[in-house]
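The primary structure of each chain is shown beneath.
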Amino acid sequence: MQCFVFLGIQGSGKGTQAELLSERINFQHINIGDLLREQVMKRTELGLKVQDIIGRGDLVPDALVFEIVESSLNPDRKGIVFDGFPRTLVQAKYLVEHFEVLQVFFLELGEDEAIARLSSRRVCPACGANYNILTNKPNKDNFCDVCGTELIIRQDDQPEVISRRVKEFYEQTLALKEFFAKRGILSVIDASEHIEEIAAKIADIAERLLKK
Ligand code: AMP
């Protein structure tokens, strides 16, 4: 199955851009972080296993991530937009073995800017919509535009956990940039621009590849 991938430091806008691209090209959007949080909320066996790991800001073991990827695939969709996957080299190798990766979009953003964005992020605990009180405010302060629920700060967006997640990113995920660059499928995108400008650049690249 064909797929596109979003890589980038936490707060670089992967989730937002992956959502926009998947809607535009009608691919399934798979966000591993959201799927894991859903398991935690439902208190499933997997959720209970990963709850503390996520709370600390550490990475969930690869085998559990593969389990969740496989169980979330929708065979009726023509392709997938992965967001938050892969995050380790083992995951990257799994990805290229199991999927046809059309392009990897690396959303580049400085560490200070990423931390500032994460600190101002708010999420809807009911439907998962994401907001930012500086750059992407809800229409009514602190309430979700989609379903009206009061917004919260994610537990792993607390300052101590943020610094751990950013460290994790530099230790593990940055190596993936090189892995995909060597395969000639990496596009580096400046994530400091406006959401719409970034989305247009990404859509342009994706649509050209899909036409081939
Ligand atoms: P995110 O919402 O993408 O920041 O993910 C939240 C948390 O879920 C991360 O801090 C990890 O604990 C876990 N997680 C998400 N994606 C992965 C992945 N591909 N590999 C391992 N852990 C992951």
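Residues numbered from 1 in each chain as written. Predicted model: local features only at pLDDT ≥ 70, side-chain atom pairs only at ≥ 80, totals over all residues. Heavy atoms only, no water.

If you look the protein chain up in an unreviewed UniProt entry, it shows as Nucleoside monophosphate kinase from Candidatus Syntrophosphaera thermopropionivorans.

This part is about the overall build of the protein chain. The helix and strand tally for the protein chain stands at 8 helices and 7 strands. Compactness check: the protein chain gives a C-alpha radius of gyration of 16 Å against a globular reference of 17 Å for 212 residues, within 12% of the reference. Seen along its three principal axes, the alpha-carbon backbone of the protein chain occupies a region of about 45 × 40 × 35 Å. Contacts in the protein chain between residues far apart in sequence, at least 24 positions, make up 71% of those at least 6 positions apart. Just so you have it, the protein chain exposes about 11,000 Å², and 50% of that area is on carbon and sulfur atoms. Within the protein chain, one finds 27 positive and 33 negative side-chain charges whose respective centroids are separated by 1 Å. (Helix = DSSP H or I, 4+ residues; strand = E, 2+ residues; numbered from the N terminus. Rg over C-alpha atoms; globule rule 2.2 N^0.38 Å. Contact = heavy atoms within 4.5 Å. Areas by Shrake-Rupley, 256 points an atom, 1.4 Å probe, with all protein chains shown as cover. Lys, Arg positive; Asp, Glu negative; His and termini not counted. Charge placed at Lys NZ, Arg CZ, Asp CG, Glu CD.)

Below, the discussion takes up the packing of aromatic side chains. Per the stated rule, a full pass over the model turns up 9 aromatic pairs. Taken together, a centroid distance of 5.3 Å and an interplanar angle of 35 degrees make the contact between Phe-6 and Phe-105 tilted. Here Phe-6, found in strand β1 (residues 2–8), pairs with Phe-105, found in strand β4 (residues 100–108); they are 99 residues apart in sequence, far enough to count as distant. In this structure, Phe-6 and Phe-105 share a single accessibility class: buried. Aromatic pair Phe-85 and Tyr-94: ring centres 6.3 Å apart, planes at 80 degrees, arrangement edge-to-face. With respect to class, Phe-85 is no different from Tyr-94; both count as buried. Chaining the aromatic ring pairs together yields one cluster made of Phe-66, Phe-82, Phe-85, Tyr-94 and Phe-99. The ring of Phe-143 carries the charged tip of Lys-140 above its face, separated from the ring centre by 4.2 Å. The residue whose ring lies beneath Arg-183 is Phe-179, and the NZ or CZ to ring-centre distance is 3.9 Å. (Phe/Tyr/Trp six-rings, centres within 6.5 Å; stacked < 30°, edge-to-face > 60°. Buried < 20%, exposed > 50% of the residue type's maximum accessible area, 1.4 Å probe, protein only. Lys NZ or Arg CZ within 6 Å of the ring centre and 35° of its normal.)

Locating Gln-28 in the fold gives a position in strand β2 (residues 28–31). Taking the relative accessible area as the measure of exposure, Gln-28 reaches 11% and is therefore buried. Discounting residues that sit within four places of it in the chain, Gln-28 has contacts with Ser-22, Ser-72, Leu-73, Asn-74, Arg-77, Gly-79, Ile-80 and Val-81.

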